[in-house]
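Residues per chain, in single letters:
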Amino acid sequence: MGSIGTTQLRWLDKTLSDNKDSYAIVFSHHTSKSMTNRRTDPAHPSDKRHGGEDVVATLAKHRNVLAWVNGHTHKNEIIAHSAPNHGSFWEINTASHVDFPHLARIIEVVDNKDGTLSLFTTLIESAAPHRTDFSDLSQTGLAALYRELAFNSPGRSTELAGASRDRNTELVLKKA
């Protein structure tokens with residue numbers, strides 16, 4: 001489980017303020033739900049730790065934030081965040097390339113020319129073959145092997161793909 005220190009949270013807040021005339025997409029490893037570790041960082045014992053709710057509150061203060069992209073859970077999930085009189089943004093959790101179903105996500109930002117922006121979140125899958133030729137040590141052959149091993153892993157879960165609302169989407173925001 002993760003967290004963020006006060007120093008880093010202040011840096012994020014200041015960076016977003018300093019760039020208020022530019023749109024921002026923030027990337028991190030942990031999700032808002034997985035940032036629950038408030039234990040002291042031994043390397044920075046005086047730096048208070050903050051959880052996901054503090055990161056959400058910080059991002060919501062800035063109208064220029066479009067999205068927070070992360071993936072610790074290895075599951076596709078999209079969460080709408082909004083704050084009255086402040087900014088709204090989308091939290092886009094993305095599945096892992098290592099775990100089945102091996103999805104990657106393309107995020108495109110489009111100006112709709114009507115006062116809104118759209119974030120298109122398209123999932124793509126590896127082009128590697130579904131079957132493995134164990135004598136094929138090419139990049140394609142190794143990619144097929146990784147797909148097969150992950151598919152047959154005892155911990156494999158079909159739930160990591162997320163619900164249909166978490167996959168190929170158009171997420172709309174009012175322009176700041």
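Criteria and thresholds
- Residues numbered from 1 in each chain as written.
- Predicted model: local features only at pLDDT ≥ 70, side-chain atom pairs only at ≥ 80, totals over all residues.
- Heavy atoms only, no water.
- Pairing = 2+ DSSP bridges.
- Helix = DSSP H or I, 4+ residues; strand = E, 2+ residues; numbered from the N terminus.
- Core = buried A, V, L, I, M, F, W, Y, C linked by side-chain atoms within 4.5 Å.
- Buried < 20%, exposed > 50% of the residue type's maximum accessible area, 1.4 Å probe, protein only.
- Axes fitted to C-alpha atoms, helices over the stretch in contact; angles between N-to-C directions.
- 1 Å grid on protein atoms, 1.4 Å probe; cavity = no way out; pocket = protein on both sides within 12 Å on 5 of 7 lines; lining within 4 Å.
- Points joined across faces, edges and corners; volume = space filled by probe spheres on them.
- Nonpolar A, V, L, I, M, F, W, Y, C, P; charged D, E, K, R; others polar.
- Salt bridge = Lys/Arg side-chain N within 4 Å of Asp/Glu carboxyl O.

Quick notes on the pairing of strand 5 (residues 77-82)
Then, in step 1: Here strand 5 pairs with strand 6 (residues 88-93) via 6 bridges, running antiparallel. Across the sheet, A80 pairs through a bridge with W90, a residue of strand 6.
Then, in step 2: Counted along the chain from strand 5 to the antiparallel partner strand 6, the turn is 5 residues long, and its residue N85 has a positive phi close to 65°.

Focus: the nonpolar core
Then, in step 1: Membership of the largest hydrophobic core comes to 14 residues, with the highest contact counts inside it found for L16, V26, V55, L59, W68 and F89.
Then, in step 2: Listed by contribution, the elements that provide at least two residues to this core are helix 1 (6-18), strand 2 (24-27), helix 2 (52-60) and strand 4 (65-70).
Then, in step 3: The greatest single-element share of this core, amounting to 4 residues, is contributed by helix 2.
Then, in step 4: Counting residues in each nonpolar core, the second largest holds 10 residues, with L66, W90, I92 and L119 among its members.

Some remarks on the sheet that holds strand 9 (residues 169-174)
Then, in step 1: Taken in spatial order, the 3 strands of this open sheet run 7-8-9, and their pairing is antiparallel. For this open sheet the edge positions go to strand 7 (103-111) and strand 9, each flanked by a neighbour on one side alone. If you compare each strand with its neighbour and ignore which way they point, the axes differ by 20° on average.
Then, in step 2: When strand 7 meets strand 8 (residues 116-125), the two strands line up antiparallel, connected through 9 bridges. Directly across from V109, in strand 8, lies its bridge partner L119.

Topic: the layout of surface pockets
Then, in step 1: When its volume is computed, the largest pocket comes out at roughly 340 Å³.
Then, in step 2: Along its surface, the largest pocket is lined by 20 residues, and I4, L12, V26, F27 and S28 are the ones closest to its centre.
Then, in step 3: Elements with a minimum of two residues in the lining of the largest pocket: helix 1 and strand 2.
Then, in step 4: Counting residues per element, the lining of the largest pocket draws most heavily on helix 1, at 5 residues.
Then, in step 5: For the lining of the largest pocket, the per-class residue count stands at 11 nonpolar, 9 polar and no charged.

Digging into the pattern of salt bridges
Then, in step 1: All chains considered together, the criterion is met by 7 salt bridges.
Then, in step 2: Across the pair D13 and K61 runs a salt bridge whose closest N-O atoms are separated by 3.2 Å. Note that D13 is positioned in helix 1 and K61 in the loop between helix 2 and strand 4, a separation of 48 residues in sequence.
Then, in step 3: The closest approach of N and O atoms between D41 and R49, which form a salt bridge, is 4.0 Å.
Then, in step 4: The class for D41 is partly exposed, based on a relative accessible area of 22%.
Then, in step 5: Judged by relative accessible area, R49 falls into the buried class, the value being 15%.

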